[in-house]
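One-letter residues, chain by chain:
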Amino acid sequence: MRQNMVFGAVAFGVVLSVQVVAQENPTPEQPMELRVIQEGAAERSTMEAEPIAPAISSAEPSGTKFDDSGARGGGKEPTDPEQFSWYGDTPAQWAMTIIGFFALTVSVWAVWLLKRTLDATRETLKEAERTAEAAKLALFNDRAWLCFERPRITLANQITVDGQSFAEGIVIYLLFRNGGRTPATHVGVEREGSIADVSDEAYPLVDFDSEAFNGTAIVAASSNFESAPLSIVGEELQRFRRREVKFCAHAFVGYRDIFEKDKKRLTEVVVEFMYMGEGKDGFGNIVPQLSSGIVGRRNRAE
């Protein structure tokens, strides 16, 4: 609405300015006709009023000059009919001049108002951008965010792995936490463990099928959950105790958040374990002492 008023005022000012210019600058034919008529009338008046010089008598002294300035108008030059014409402008012309000045003022005011409108529009756009950034930040802080927290390690007796029984074994669980402020849905965890040489710096990566992987669990905000156990048994356990090898655990966690339900989020982590000996826990139980370190981490969305 404000922009329509501004454009209307500008158009009104332009039309009135054009009319004022047209009144103050008539077409070339009008002044020429007026000048011809006035010049013709002046010539006839001069011819009719030309006085006849009196005869000079012989009694007049020689050298006397006849002065006919009185007959010719007292020596004054003829007045230009267009000189000081602004004194004789009609009221309509003065009215058009005043209206033109008013239209110019309105046009300046309209331009100023348009600038104010554009400035307000720019400020509104900036405020919208700031609001969008704040909403994006709030979404990032509030959505579900699953991350690896720590391992849980136990020593098991009479453990069965892949249908085979062992007298003892080391069992490792990988604990994860929902660090967001909203629940995580469709949560699923896949894990795999492998033995690698101690000198091997490269950790094994396991390629999970993220398209087919889709869990059903729900993890509340600030809650923990853990993977299925990974076991070190048999000959691998003996080599692990002798520190000839290290154990690598790779976990893959898939989930969704409540804000973007169609987007699958994936968290991967690789943790290396080294055997450090055995000790007792707070309850007096013998437990293996392992050092652990995260050697690979990745988060992505699909």
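Report on the accompanying structure.

Conventions adopted
Residues numbered from 1 in each chain as written. Predicted model: local features only at pLDDT ≥ 70, side-chain atom pairs only at ≥ 80, totals over all residues. Heavy atoms only, no water. Helix = DSSP H or I, 4+ residues; strand = E, 2+ residues; numbered from the N terminus. Buried < 20%, exposed > 50% of the residue type's maximum accessible area, 1.4 Å probe, protein only. Contact = heavy atoms within 4.5 Å. Areas by Shrake-Rupley, 256 points an atom, 1.4 Å probe, with all protein chains shown as cover. Phe/Tyr/Trp six-rings, centres within 6.5 Å; stacked < 30°, edge-to-face > 60°. Lys NZ or Arg CZ within 6 Å of the ring centre and 35° of its normal. Pairing = 2+ DSSP bridges. Axes fitted to C-alpha atoms, helices over the stretch in contact; angles between N-to-C directions.

1. Focus on the overall build of the protein chain
When helices and strands are counted, the protein chain shows four helices and nine strands. Across the protein chain, helices and strands are ordered from the amino to the carboxyl terminus as α-α-α-β-β-β-β-β-β-α-β-β-β. Here the protein chain holds 302 residues, and the buried ones make up 26% of them. Here the contacts in the protein chain between residues at least 6 apart in sequence split such that 72% fall between residues at least 24 apart. Just so you have it, the protein chain exposes about 20500 Å², and 57% of that area is on carbon and sulfur atoms.

2. Some words on the packing of aromatic side chains
Inspection of every chain in the model, using the stated rule, returns four aromatic pairs. Relative to Phe176, the ring of Phe148 has its centre 5.7 Å away and its plane inclined at 75°; by these criteria the two rings are edge-to-face. With Phe148 in strand β1 (residues 146–161) and Phe176 in strand β2 (residues 164–178), this residue pair connects regions lying 28 residues apart in the sequence. By relative accessible area, which is 0% here, Phe176 ends up buried. Seen from their ring centres, Phe247 and Phe273 are 6.4 Å apart, and the 45° between their planes marks the pair as tilted. With a gap of 26 residues between them, Phe247 in strand β7 (residues 245–257) and Phe273 in strand β8 (residues 265–280) connect regions that are remote in the sequence. Phe273 shares its class with Phe247; the two are buried. An aromatic cluster of three or more residues is present, and its members are Phe148, Phe176 and Phe225. Over the aromatic face of Tyr173 sits the side chain of Arg152, whose NZ or CZ is 4.1 Å from the ring centroid.

3. Focus: the pairing of strand β9 (residues 286–301)
Here 15 bridges tie β8 to β9, and the two strands are oriented antiparallel to one another. Looking at β9, one finds that Glu268 is bridged to Arg298. Taking the residues that link successive antiparallel strands as the turn, the β8-β9 hairpin has five residues, and the phi of Gly284 there is positive, at about 85°.

4. Observations regarding the sheet that holds β7
Paired through backbone hydrogen bonds, the strands of a sheet run either parallel or antiparallel to each other. Pairing is antiparallel across the open sheet formed by five strands, whose spatial order is β4-β3-β7-β8-β9. Each having just a single partner strand, β4 (217–219) and β9 make up the two edges of the open sheet. The mean angle between the axes of side-by-side strands here comes to 35°, regardless of whether they run parallel or antiparallel.

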